[in-house]
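# Report on the structure
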Amino acid sequence: HTHTNTHTHTQSHIHIQNHIHTHKQTLKHTHTHTGGQANVRLCTHIETNRKLACKFYDLRYMSMKSKSDYLKFMKRLDAEIKIMRQCDHENIVKFERAITMKDTICLLMEYLDGEELFDVIANGGAMKEENAIPIVRQMVSALAYLHDERSIMHRDIKPENIMLVERDGKRVVKLIDFGYGKLVSKSMAQTQVGTREYQAPEVNPINRAYGSGDTYSYAADVFSLGAVVYAMLSGTLCSFCLSSHFC
């Protein structure tokens with residue numbers, strides 16, 4: 001079980017029924033990093049009418065896996081919750097709470113009515129520098145906060161995990177999905193995770209002096225952001241990230 005200080009199963013079920021209405025609309029489908037699936041749905045708090053995003057993890061799927069895989073999944077989910085609870089920055093999605101039910105863990109977070117940076121690039125092609133600069137500045141601010149103030153690595157910086165929302169006539173960046181997040185204060189990162197197209201060379205054990213036993217740190221996030229900036233300005237993926245010679 002994760003140590004999330006959430007309600008008991010019965011209390012959580014009552015809380016959902018009485019205070020949260022889950023719409024059938026699916027906002028986004030994401031895959032957990034161990035093979036299971038998490039549905040993210042639009043929810044409304046009945047008393048306040050406030051919209052929330054609700055990320056559901058179906059534990060039945062993972063329970064059919066090996067015990068070691070199940071424990072890895074729960075450990076990573078526990079880390080994701082702990083990391084999101086620590087974050088309070090205007091360019092990072094805000095976490096509300098975790099709720100456990102019989103076969104489900106639900107993460108309630110800020111609802112973002114916007115679009116992924118990936119869609120902006122895929123639909124509009126290369127961005128003009130004057131349009132890209134405000135986005136990059138906000139991403140740098142988010143990473144500086146994570147690294148310098150919270151000792152957290154995101155480890156999966158990519159356009160799909162960068163949401164753009166309109167707030168007071170301005171385009172605001174929101175970094176999402178901390179499923180690969182790592183508290184560096186506890187130990188250095190070793191696991192090869194992330195998305196290949198934006199992955200720093202040192203994340204791949206092949207490029208480390210001591211293989212998978214060697215470590216990497218915050219610079220990997222900065223490299224990934226650089227790869228995102230390349231995609232923004234060129235409208236294409238970084239060829240050097242896909243080359244085995246470099247990565």
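Residues numbered from 1 in each chain as written. Predicted model: local features only at pLDDT ≥ 70, side-chain atom pairs only at ≥ 80, totals over all residues. Heavy atoms only, no water.

### Considering the overall build of the protein
- Along its length, the protein carries 7 helices and 10 strands.
- Looking at the protein residue by residue over its 247 residues, the buried ones come to 46%.
- As displayed, the protein has an accessible area near 13000 Å², and 50% of this comes from carbon and sulfur atoms. (Helix = DSSP H or I, 4+ residues; strand = E, 2+ residues; numbered from the N terminus. Buried < 20%, exposed > 50% of the residue type's maximum accessible area, 1.4 Å probe, protein only. Areas by Shrake-Rupley, 256 points an atom, 1.4 Å probe, with all protein chains shown as cover.)

### What about the side chain of His147?
- Considering the arrangement of structural elements, one finds His147 in helix H5 (residues 129-150).
- At 2.9 Å, the side chain of His147 and the side chain of Asp221 are in polar contact.
- Beyond its immediate chain neighbours, meaning those up to four positions away, His147 contacts Ile152, Tyr218, Asp221 and Val222. (Polar contact = N/O pair within 3.5 Å; in protein donor to acceptor, adjacent residues only side chain to side chain. Contact = heavy atoms within 4.5 Å.)

### Considerations on the state of the cysteines
- One pass over the structure, following the stated rule, counts 1 disulfide.
- Sulfur-sulfur distance for the disulfide between Cys54 and Cys106 comes to 2.4 Å. Across the disulfide from Cys54 to Cys106, rotation about the S-S bond amounts to roughly -115°, and the bridge is consequently left-handed. With Cys54 in strand E3 (residues 51-58) and Cys106 in strand E5 (residues 104-110), this residue pair connects regions lying 52 residues apart in the sequence. Side by side, Cys54 and Cys106 carry an identical accessibility label, which is buried. (Disulfide = S-S within 2.5 Å.)

### Here's the deal with the sheet that holds strand E9 (residues 170-175)
- Strand order across the open sheet formed by 3 strands is E6-E8-E9, with antiparallel pairing between neighbours. Every other strand in the sheet has two partners, leaving strand E6 (114-116) and E9 as the edge strands with one partner each. In this sheet, adjacent strand axes meet at a mean angle of 30° when their direction is disregarded.
- In terms of strand pairing, strand E8 (residues 162-167) meets E9 through 6 bridges, oriented antiparallel. Across the sheet, residue Leu164 finds its bridge partner in E9, namely Val173.
- Each of E6, E8 and E9 touches helix H4 (residues 117-124); the most contacted strand, E6, lies at about 75° to it. (Pairing = 2+ DSSP bridges. Axes fitted to C-alpha atoms, helices over the stretch in contact; angles between N-to-C directions.)

### Structural notes on the pattern of salt bridges
- On inspection of all chains with the given rule, the structure shows 9 salt bridges.
- Measuring nitrogen to oxygen at the nearest pair gives 2.8 Å for the salt bridge that ties Arg60 to Asp58.
- Residue class for Arg60 comes out partly exposed when judged on its relative accessible area of 49%.
- Residue Asp58 is classed as partly exposed on the basis of its relative accessible area, which comes to 27%.
- Across the salt bridge formed by Glu110 and Lys174, the nearest N and O atoms sit 3.3 Å from each other. Taken together, the residues Glu110 in strand E5 and Lys174 in strand E9 connect sequence positions 64 residues apart. Each member of the pair Glu110 and Lys174 is classed as buried.
- One continuous salt-bridge network, built from bridges that share partners, spans Lys55, Glu80 and Asp177. (Salt bridge = Lys/Arg side-chain N within 4 Å of Asp/Glu carboxyl O.)

### Quick notes on the pairing of E5
- Along E5, 7 of the 7 residues are buried, which leaves the element largely enclosed by surrounding structure.
- Relative to E5, E3 is paired through 7 bridges, and the arrangement is antiparallel. Each residue of the ladder has a partner; that of Lys55, found in E5, is Leu107.

### Some points on the environment of Asn91
- Structurally, the position occupied by Asn91 is in the loop between helix H3 (67-86) and strand E4 (95-100).
- Distance from Asn91 to Ile176, taken between C-alpha atoms, is 9.2 Å for residues 85 residues apart in sequence.
- Ignoring any residue separated from it by four or fewer positions in sequence, one finds Asn91 in contact with Gln138, Ser141, Ala142, Val172, Val173, Lys174 and Leu175.
- Among the polar contacts listed, one links the side chain of Asn91 to the backbone oxygen of Val173, at a separation of 3.0 Å.

### Details of H3
- Spanning 20 residues, H3 covers 29 Å between terminal C-alpha atoms, matching the ideal 28 Å at 1.5 Å per step.
- Those residues of H3 that sit buried are Phe73, Met74, Leu77, Asp78, Glu80, Ile81, Ile83 and Met84. (Expected span 1.5 Å × (residues − 1).)

### Some words on the confidence of the model for the protein
- Per-residue confidence for the protein averages 81 on the pLDDT scale, and 77% of its residues sit at or above 70.
- Averaged over each element, pLDDT in the protein is lowest for helix H1 (residues 9-19) (38) and highest for H5 (97).
- Note on residues 1-18: pLDDT under 50 across the span, and 33 contacts to partners over four residues away in sequence or across chains.
- Confidence drops under a pLDDT of 50 for residues 28-36, and excluding neighbours within four residues, the segment shows 30 contacts in the predicted structure. (pLDDT = per-residue confidence, 0-100.)

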